[in-house]
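# Survey of secondary and tertiary structure
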Amino acid sequence: MEYITSTPPRHLSWFSRAVILFSGFYTQFGWTFIGFGMIFVWVFVGNSELVYLLTPRMDKSVTGQVISLGITASVQNDQVIREVGYTYQVNGHLYEGKSYTPDYRVEEGDSVKVYYLSRNPRVSRLSMAGRALFSAWMGFLLVFPLVGLGFAIYGFRQNMKAIDLLINGKFAPGVLTSKKPTNTMINKQVVYAYTFDFEADDGQVYTASTATHETWLVEDQREELIVYAPADPAYAVVFDAVPGSPGLSSSGELKQVPWTGVVSLILPAVTLLVHGGVFWIFFR
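Before going into details, it helps to say that this report is about the structure given with it. Predicted, not measured: the structure shown is a model, and the values here were computed from it. (Residues numbered from 1 in each chain as written. Predicted model: local features only at pLDDT ≥ 70, side-chain atom pairs only at ≥ 80, totals over all residues. Heavy atoms only, no water.)

The biggest cluster of nonpolar side chains holds 34 residues, and the ones touching the most others in it are L12, I20, L166 and F239. Listing elements by their share of this core, those giving two or more residues are α1 (14-22), α2 (25-43), α3 (143-168) and β9 (224-229). Considering each element in turn, this core owes the most residues, six residues, to α3. Not counting residues within four places of it along the chain, the set of residues in contact with F239 comprises L166, F171, L225, V227, S245, G247, L248 and L254. (Core = buried A, V, L, I, M, F, W, Y, C linked by side-chain atoms within 4.5 Å. Buried < 20%, exposed > 50% of the residue type's maximum accessible area, 1.4 Å probe, protein only. Helix = DSSP H or I, 4+ residues; strand = E, 2+ residues; numbered from the N terminus. Contact = heavy atoms within 4.5 Å.)

The following block contains the structure:
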């Protein structure tokens, strides 16, 4: 079994910290859910009435005239959404607008009721129709990136704990006392819950727990290294189970994470760049 000889606080580069922070199933799964979930948010929620819920309510109405009818490529409740173009006059000025509806039956030249914003008459919609392609109910799609965010935050908290202990914690050998299968599977592999007992500097025996489907990480040695907080030994992690674990050198020093660890940063980086760019375009 390898032992660590360096004393805290230990040096851990910012790259190593970033790799550890974004590594692990929960964090990567969370970013995957955020990335794919946000695609549906932009396509459907971004084109729904939810976007306009916090905008001023249209407080005036006038009679307008239908000038065009179109069929969109979108469907809601098994009905194709139609685009209705119309004109209307406010204080002698002629305006044009478009509204969307799956069931508003009108023909070109028909008179229609138009609601508009008195302080900005260019903002309008037809009675019984919306300004956007989809209804505000599309907002339920926000649940997907929010679930992903929950997973990512949980992973972040676990990884921040590991980073803190790697820098400031103490190491002790731990003995496996319990291994139990959980009801969770990752990549068709059962996730097992492990419990290790270790003795801290105060002479007391404490417990460190971890759960992983990569069982070989914590079963390859008779004893596993435990990293704990000197002030609170119950605050501990199993060293080999730390996502992106830096490992130990032959001299007992904490290694820096290899450059191959950059793989764990790709998904979060792409997600932030792509959706950050869409956000900037959408709200600029």
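Once you've had a look at it, read on.
Here we come to the packing of α1 against α3. Think of two packed helices as two axes; the pair is described by the angle between the axes and how far apart they sit. Close contact between α1 and α3 brings their axes to 8 Å; oriented N to C, the two are set at 145°. Helix-helix and strand crossings are classified by hand; for α1 and α3 the assignment is right-handed. Note on element contacts: α3 touches α1 through F156, N159, M160, I163, L166 and I167, opposite R17, I20, L21 and F22. Residues that form the contact of α1 with α3 fall into these classes: eight nonpolar, one polar and one charged. (Axes fitted to C-alpha atoms, helices over the stretch in contact; angles between N-to-C directions. Left-handed = near helix turned anticlockwise from the far one by under 90°. Nonpolar A, V, L, I, M, F, W, Y, C, P; charged D, E, K, R; others polar.)

Another aspect to go through is the sheet that holds strand β1 (residues 60-76). Here we have five strands laid out as an open sheet, ordered β3-β2-β1-β4-β5, and antiparallel in their pairing. Only two strands of the sheet have a single neighbouring strand rather than two, namely β3 (93-101) and β5 (120-126). Strand after strand, the sheet turns through a mean of 40° between neighbouring axes, direction not considered. In the sheet, β1 pairs with strand β4 (residues 111-117) via six bridges, with the strands oriented antiparallel. Across the sheet, the residue bridging to V62 is V114, located in β4. (Pairing = 2+ DSSP bridges.)

Spatial strand order, β8-β7-β6-β9-β10: five strands in an open sheet with antiparallel pairing. Strands with a single pairing partner mark the edges of an open sheet, and in this sheet they are β8 (205-212) and β10 (232-238). Each neighbouring strand pair of the sheet contributes to a mean axis angle of 40°, computed without reference to strand direction. Bridge analysis of strand β6 (residues 170-186) against strand β7 (residues 189-199) gives nine bridges, and the strand direction is antiparallel. Counted as the bridge partner of P181 is Y192 from β7.

In short, shape yes, function no, at least from these values alone.
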